[in-house]
Amino acid sequence: ETADGELYQLDAAERIATVTRIVRQSGELLYEFDLRYLKGFDDGYGGFGIHILIDAPTGLRSWGQNASYLLWITHDMDEYKTPDLHAHVYRSTGITRMDYHRMEGDESRIPPAILSVAAMEQRAHSGEPIRVRFLVDTAAGTGRLYHPDKNGVYYDLDFGASLGGGSYIALRTNSLSVAFDNVTVTRLD
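Keep in mind that this is a model prediction, so the values were computed, not measured. Within any chain, residue numbers begin from 1 and follow the written order of that chain's sequence. Since the coordinates come from a predicted model, pLDDT governs what is reported: local features require at least 70, and pairs of side-chain atoms require 80 or more to be given and counted, while whole-chain, interface and lining totals use all residues. Neither water nor hydrogens contribute to the side-chain values; these are computed over all heavy atoms in the structure.

(A) Region of interest: the sheet that holds strand 11 (residues 142-146). Read from one edge of the open sheet, 7 strands run 1-2-14-4-10-11-12, paired in antiparallel fashion. Edge positions in the sheet fall to strand 1 (2-3) and strand 12 (154-158), since each of these pairs with one other strand and no more. Here, any two strands with at least 2 DSSP bridges between them count as paired. Here a helix means four or more residues in a row that DSSP labels H or I, a strand means two or more in a row labelled E, and each is numbered from the N terminus. Here 8 bridges tie strand 4 (residues 28-39) to strand 10 (residues 130-137), and the two strands are oriented antiparallel to one another. From the neighbouring strand, Asp-34 faces strand 10, where its bridge partner is Arg-131. Only heavy atoms enter the contact rule, under which two residues are in contact if any of them lie within 4.5 Å. Here the axes come from fitting lines to C-alpha atoms, over the contacting stretch only for helices, and the angles between their N-to-C directions go from 0 to 180 degrees. Here helix 2 (residues 117-126) sits on the sheet in contact with strand 4 and strand 10, set at roughly 75° to strand 4.

Below, the structure written as structure tokens:
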């Protein structure tokens, strides 16, 4: 649903909500969007993110999007035992196959905690979004996730090889109600 220029996912019970758009991608790219949390973390689980460099969208309700990468930010009390949101990057090779890529600082297999659920809930009351910024260099095979609240703080990622390009992006949620706004993909080179 859309209203006032924002894209809403209102059903916090929906396990896989996706919207896909055509965006040609290669080179050094900055993916950005604002996200306003509305509800859904009360059960100890929820996630949101952006699927990038999709070669051919599945058109299905599926975890994977064929050949692509997913920046996924999730709260999972069962898995991490903390009231935080953790950032992950996955490589998709089909509709169900996803391989985890470690970011700098997550050697323990616990991805970086970038925000607390309490901070997201405070922002929900004030209507303030978080700004997600993810830089990817497809030729170098590197990425950088910028911390949404701390200027100069970021998490680096090495994909181990060049990434090629893609023709689509997809915004994703799982068990959350949110509003996306100001979605941009900027080529920097």
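(B) Structural view of the packing of aromatic side chains. Centres within 6.5 Å are what make two rings of Phe, Tyr or Trp a pair, Trp counting through its six-membered ring; a difference in plane orientation under 30 degrees is then read as stacked, over 60 as edge-to-face, and the rest as tilted. Enumeration over the complete set of coordinates arrives at 5 aromatic pairs. The aromatic ring of Tyr-146 is capped on one face by Arg-133, whose charged end is 4.3 Å from the ring centroid. Over the ring of Tyr-154 we find Arg-144; its NZ or CZ atom is 3.5 Å from the centre of that ring. We count a charge as sitting over a ring when the NZ of a lysine or the CZ of an arginine lies within 6 Å of the ring centre and within 35 degrees of the ring normal.

(C) Region of the structure containing the environment of Lys-81. Among the secondary structure elements, Lys-81 is positioned in the loop between helix 1 (77-80) and strand 7 (84-93). Sequence separation between Lys-81 and Thr-18 is 63 residues, and the spatial gap between their C-alpha atoms is 27 Å.

(D) Molecular detail of helix 2. Exposed residues in this analysis have more than 50% of their type's maximum accessible area, buried residues have under 20%, and partly exposed residues fall in between, with area computed by a 1.4 Å probe over protein chains only. When helix 2 is considered as a whole, its buried residues turn out to be Val-117, Ala-119, Met-120 and Arg-123. In an axial view of helix 2, the angular spread of the buried residues amounts to 160°, which keeps them on one side of the axis. Residues of helix 2 that are exposed and point more than 90 degrees away from the buried face comprise Gln-122, His-125 and Ser-126. As for helix 2, its buried residues are in contact with strand 4, strand 5 (45-54), strand 6 (67-76), strand 7, strand 9 (113-116) and strand 10. At the C-terminal side of helix 2, Gly-127 shows a positive phi close to 80°. The reported arc concerns the directions from the helix axis to the C-beta atoms and nothing else.

(E) How the structure looks around the pairing of strand 6. For strand 6, the buried fraction is high: 9 of the 10 residues fall into the buried class. As judged from the 8 bridges shared by strand 5 and strand 6, these two strands associate in the antiparallel manner. Looking at the pairing, His-51 lines up with Leu-70 of strand 6. As paired strands, strand 6 and strand 7 are joined by 8 bridges and run antiparallel to one another. Following the sheet pairing, Ser-68 is matched in strand 7 by Ser-92.

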